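# Geometric and topological summary
Below, each chain spelled out in residue letters.
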Amino acid sequence: DAGITQSPRHKVTETGTPVTLRCHQTENHRYMYWYRQDPGHGLRLIHYSYGVKDTDKGEVSDGYSVSRSKTEDFLLTLESATSSQTSVYFCAIKGQGEGYTQYFGPGTRLTVL
Amino acid sequence: AQSVAQPEDQVNVAEGNPLTVKCTYSVSGNPYLFWYVQYPNRGLQFLLKYITGDNLVKGSYGFEAEFNKSQTSFHLKKPSALVSDSALYFCAVRGPTEGNNRLAFGKGNQVVVIP
């Protein structure tokens, strides 16, 4: 699992509340990614980071923000959760010197009621 | 823009029979291609990749994939399927001009191996 952990692993929250998901890696990887997985849509990129304080939007970034204040942690925040953000969220890193291969964390299942 | 198509939602195969999961891609230039597998309630696991060289790539768990540039395809294959191969399979691509090491993933194929 490339030393990637995600927390929490499961969360149930209510519409309108802020939610922060954490991705932690132990191998000093520069590139980190947040995806969401939904049936019929596969994996879609939300945001990614190419270094400390360097982040950019993916294809489904509306309603999400990210922060990376240190190499090992990449945080995904839902500013005001909506039911459409009910999903499974995966963090990934790009392996160093491995031809762009990404390795994934175990995922966080988020339910917004 | 880079993209991947996985035309079949589900593939059913009898145990012991050959398994094929289809993937076609669209990029400008030479692609980097990947296959991942996801078992229930788990993250995606890397299976294999094609960057350059031999068109037949061998990966984990007895899987292989064949890169076909003229057909823009990268089909995943296994000669003899096992029940434990039942999972969700994702194809992914990166085009050579894509910035910041982003991959585009397909929608996934559910593989069901019937005992």
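Once a new chain begins, its residue numbering starts again from 1 and follows that chain's sequence as written. The naming scheme follows written order: chains are lettered A onward, ligands numbered 1 onward. Residues qualify for local features only when their pLDDT is at least 70, as the model is predicted, and side-chain atom pairs are given and counted only at 80 or more; totals for whole chains, interfaces and linings, by contrast, use all residues. Heavy atoms from the whole structure form the basis of all side-chain values; hydrogens and water molecules are not counted.

Assigned secondary structure in chain A consists of 0 helices and 11 strands. Put simply, DSSP marks the helices as runs of H or I at least four residues long and the strands as runs of E at least two long, and each gets a number from the N terminus on. Put simply, chain A runs from its N terminus to its C terminus through helices and strands in the order β-β-β-β-β-β-β-β-β-β-β. Our radius of gyration looks at C-alpha atoms and nothing else; its globule reference is 2.2 Å times the residue count to the power 0.38. Here the C-alpha radius of gyration of chain A, 13 Å, is about what a compact globule of 113 residues would show, namely 13 Å. Along the first, second and third principal axes, the C-alpha atoms of chain A reach 40 × 30 × 25 Å. Each residue is placed in one exposure class: buried if its accessible area under a 1.4 Å probe, protein chains only, is under 20% of its type's maximum, exposed if it is over 50%, and partly exposed if it falls in between. Within chain A, buried positions represent 50% of all 113 residues. We call two residues in contact when some of their heavy atoms are within 4.5 Å. Pairs at least 24 residues apart make up 54% of the contacts formed inside chain A by residues separated by at least 6 positions. Only the protein chains shown count as cover for residues, with accessible areas throughout obtained via the Shrake-Rupley method and a probe of 1.4 Å. Approximately 5100 Å² of chain A is accessible, and the part contributed by carbon and sulfur atoms is 48%. In chain A, which carries 12 positive and 12 negative side-chain charges, the distance between the mean positions of the two groups comes to 2 Å. Neither His nor the chain ends is counted toward charge; the positive residues are Lys and Arg and the negative residues Asp and Glu. Working definition for charges: the position is that of NZ of Lys, CZ of Arg, CG of Asp or CD of Glu.

Let us now look at the pairing of strand 7 (residues 64-70) of chain A. Residues and elements named next belong to chain A. Here, a strand pair is defined by DSSP locating no fewer than two bridges between the strands. Relative to strand 8 (residues 73-78), strand 7 runs antiparallel, the two being bridged by 5 bridges. Its bridge partner being in strand 8, Tyr 64 is matched across the sheet by Leu 78. Between strand 7 and strand 8, which pair antiparallel in sequence order, lie 2 residues.

Let's shift gears to the packing of aromatic side chains. Two rings belonging to Phe, Tyr or Trp (six-membered ring only in the last case) form a pair when the distance between their centres is within 6.5 Å. Interplanar angles under 30 degrees mark stacking, angles over 60 mark edge-to-face geometry, and anything in between is tilted. Inspection of every chain in the model, using the stated rule, returns 17 aromatic pairs over all chains. Measuring from ring centre to ring centre gives 6.5 Å for Tyr 50 of chain B and Phe 74 of chain B, while their planes differ by 50 degrees; the resulting arrangement is tilted. Residue Tyr 50 of chain B is found in strand 6 (residues 44-50), and its partner Phe 74 of chain B is found in strand 9 (residues 73-78); the two are separated by 24 residues along the sequence. Each member of the pair, Tyr 50 of chain B together with Phe 74 of chain B, is buried. A connected cluster of aromatic rings, assembled from ring pairs, spans Tyr 33, Tyr 35, Tyr 48, Tyr 50, Tyr 103 and Phe 104 of chain A together with Tyr 36, Phe 46 and Phe 105 of chain B. One residue, Arg 94 of chain B, lies across the ring of Tyr 100 of chain A, its end atom 3.9 Å from the ring centre. Whether a charge sits over a ring comes down to the Lys NZ or Arg CZ being within 6 Å of the ring centre and within 35 degrees of the ring normal.

If you look at the interface, chain B gives 21 residues, while chain A gives 27 residues. When two parts are brought into contact, each loses some accessible area as probed by a 1.4 Å sphere; the total of that loss over both is the buried area. Overall, the association of chain B and chain A removes approximately 1800 Å² of surface from exposure, summing both partners, and the carbon and sulfur fraction of that is 53%. What qualifies as a polar contact is a pair of N or O atoms within 3.5 Å, subject to a donor-acceptor requirement within protein and to the restriction that residues adjacent in sequence count only when both atoms come from side chains. Here chain B is connected to chain A by 3 residue pairs in polar contact (both at pLDDT 80 or more). Only strand 5 (32-38), strand 6 and strand 10 (87-94) of chain B provide two or more residues apiece to the side of chain B that touches chain A. The dominant element in the side of chain B that touches chain A, judged by the number of residues it contributes, is strand 5 of chain B, at 4 residues. Taken together, the residues of the side of chain B that touches chain A break down into 10 nonpolar, 6 polar and 5 charged. Nonpolar residues are Ala, Val, Leu, Ile, Met, Phe, Trp, Tyr, Cys and Pro. Charged residues are Asp, Glu, Lys and Arg, and all others, Gly as well, are polar.

Just distances and angles here, no functional claims.
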